[in-house]
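# Residue-level structure breakdown
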Amino acid sequence: MENKHKIGNPAVVGLAGFGLTTLLLQFHNIGISGLGPIVAMAFIFGGLAQLIAGFMEQKTGNNFGFAAFSTYGAFWIGLGIIWILNALDMYKSSTLDVGLYLLGFTFLTAIFWVGSLFIHKSMTVIFTLLLVGFILLVIGHMGVPIFNVIAGYELILCVLSAWYLMAAIIINDVSGYELLKVGRPFIKLK
């Protein structure tokens, strides 16, 4: 007997968590929100939910999703720990320290950006905007703080792109039609 059990796509939760947590941080970066809600989401939705989505992507055989969601889930948990340690005045991280933390994730994002070129245009748009956002945040944390504000606005576009992909996965699945297009890969070797 054939098993027709359908497995849900964990990317929808990963993209939702990435998007919401990133959006909240950008509200802080542009000066309209404090850190409280962001710290909470850094641990739960941006961190834990993305880690779970990453582990579930591994079960589906999707190395890109596994690596990306697990990496950014860990990013959010790490950033939340930095904020809490700073608030407790323990192992304080300077703005430069955070800039170096962001620099490490910029390099990882560059690797994901290359991989995204082989997936589809929607994924490439997300990772292009994320890479640019990380670069702007690094510059902002290395001594030119206005770049954090610029990054705030730029990364809101990244959030909207991630949520577009999330919507495409959900709406296309439930409708049975490709109502929201994600585009062909920029690079196709086969």
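Structure shown above.
Let me begin by describing the structure that accompanies this report. Each chain has its residues counted from 1, following the order in which its sequence is written. Thresholds applied to this predicted model are a pLDDT of at least 70 for local features of residues and 80 or more for the giving and counting of side-chain atom pairs; totals over whole chains, interfaces and linings are not thresholded and use all residues. Remark: hydrogens and water are excluded; side-chain values derive from all non-hydrogen atoms of the structure.

## Focus on the overall build of the chain
Under the scheme used here, helices are H or I runs from DSSP no shorter than 4 residues and strands are E runs no shorter than 2 residues, and both carry numbers assigned from the N terminus. A count of helices and strands for the chain gives six helices and zero strands. When the helices and strands of the chain are read in sequence order from the N terminus, they spell out α-α-α-α-α-α. By residue count, 44% of the 190 residues in the chain fall in the buried class. Across the chain, the fraction of contacts at a sequence separation of at least 24, relative to all contacts at a separation of at least 6, is 67%. Residue burial considers only the protein chains on display, and all accessible areas are found by Shrake-Rupley using a 1.4 Å probe. Summed over its atoms, the accessible surface of the chain is roughly 10,200 Å², and 72% of this surface lies on carbon and sulfur atoms. Under the convention used here, Asp and Glu are negative, Lys and Arg are positive, and both His and the chain ends fall outside the count. Every charge is mapped onto a representative atom, which is NZ of Lys, CZ of Arg, CG of Asp or CD of Glu. Within the chain, one finds 9 positive and 7 negative side-chain charges whose respective centroids are separated by 12 Å. The buried label goes to any residue with under 20% of its type's maximum accessible area, the exposed label to any with over 50%, and the partly exposed label to all in between, with areas taken from a 1.4 Å probe on protein chains only. Residue contacts follow a heavy-atom distance rule, with two residues in contact if any of their heavy atoms lie within 4.5 Å.

## Observations regarding the packing of helix α3 (residues 63-87) against helix α5 (residues 121-141)
Under this scheme, a helix contributes an axis fitted over its contacting stretch, all axes are lines through C-alpha atoms, and angles between N-to-C directions fall in the 0 to 180 degree range. The contact between α3 and α5 brings their axes to 14 Å, and the two run at 30 degrees. The pairing of α3 with α5 is recorded here as roughly parallel in orientation. In this structure, the crossing between α3 and α5 has a hand that is left-handed. Side by side, α3 and α5 meet where F64, A68, Y72 and F75 of the first sit next to M123, F127, L130 and F134 of the second. A per-class count over the contact of α3 with α5 returns eight nonpolar, no polar and no charged. We call two directions roughly parallel when the angle between them is under 35 degrees, roughly antiparallel when it is over 145, roughly perpendicular when it lies between 65 and 115, and oblique otherwise. Rotating anticlockwise by less than a right angle from the far helix to the near helix defines a left-handed crossing, while the corresponding clockwise rotation defines a right-handed one. Polarity classes work like this: nonpolar for Ala, Val, Leu, Ile, Met, Phe, Trp, Tyr, Cys and Pro, charged for Asp, Glu, Lys and Arg, and polar for all others, with Gly in that last group.

## Quick word on the side chain of N148
Tracing the sequence through the fold places N148 in helix α6 (residues 146-175). Classification of N148 by relative accessible area gives buried; the value is 12%. Pairs of N or O atoms are called polar contacts if they sit within 3.5 Å, as long as, within protein, a hydrogen donor faces a hydrogen acceptor (for residues adjacent in sequence, only side-chain-to-side-chain pairs). At 3.2 Å, the side chain of N148 forms a polar contact with the side chain of H141. Other than its neighbours up to four places away in sequence, N148 contacts N29, L136, L137, G140 and H141.

## Description of a positive patch on the surface
Residues enter patches when their relative accessible area tops 30% and they take part in no salt bridge; the joining distance is 9 Å for like charges and 5 Å for the nonpolar side chains Val, Leu, Ile, Met, Phe, Trp and Tyr. Whenever Lys or Arg places a side-chain nitrogen within 4 Å of a carboxyl oxygen from Asp or Glu, that contact is recorded as a salt bridge. A cluster of basic residues, K121, R184, K188 and K190, forms a positive patch on the protein surface. Inspection of the secondary structure assignment puts K188 in the segment after α6.

## Brief notes about the nonpolar core
Of all hydrophobic cores here, the largest spans 41 residues; its most connected members are Y72, F75, W76, W83, F127 and L130. When residues of this core are traced back to their parent elements, those giving at least two are α1 (11-29), α2 (36-60), α3, α4 (95-116), α5 and α6. Not counting residues up to four positions away in its chain, the partners in contact with W76 are T21, T22, L25, I38, A42, G46, G47, Q50 and W83. What is meant by a nonpolar core is a set of buried Ala, Val, Leu, Ile, Met, Phe, Trp, Tyr and Cys residues, joined one to another through side-chain atoms within 4.5 Å.

## As for the side chain of H120
Mapped onto the fold, H120 is located in the loop between α4 and α5. Exposure remark for H120: the relative accessible area of 13% places this residue in the buried category. Within the structure, H120 has its side chain in polar contact with the backbone nitrogen of M123 (distance 3.1 Å). Dropping the residues within four chain positions of it, H120 is found in contact with L165, V182, G183, R184 and P185.

## Quick word on α1
Working rule for helices: expected span equals 1.5 Å times residues minus one. In this model α1 runs 26 Å from its N-terminal to its C-terminal C-alpha over 19 residues, within 8% of the 27 Å that 1.5 Å per residue would give. Counting buried positions along α1 yields 15 of 19 residues, so the element is predominantly enclosed. Directly after α1, the chain includes G31, whose backbone phi takes a positive value near 95 degrees.

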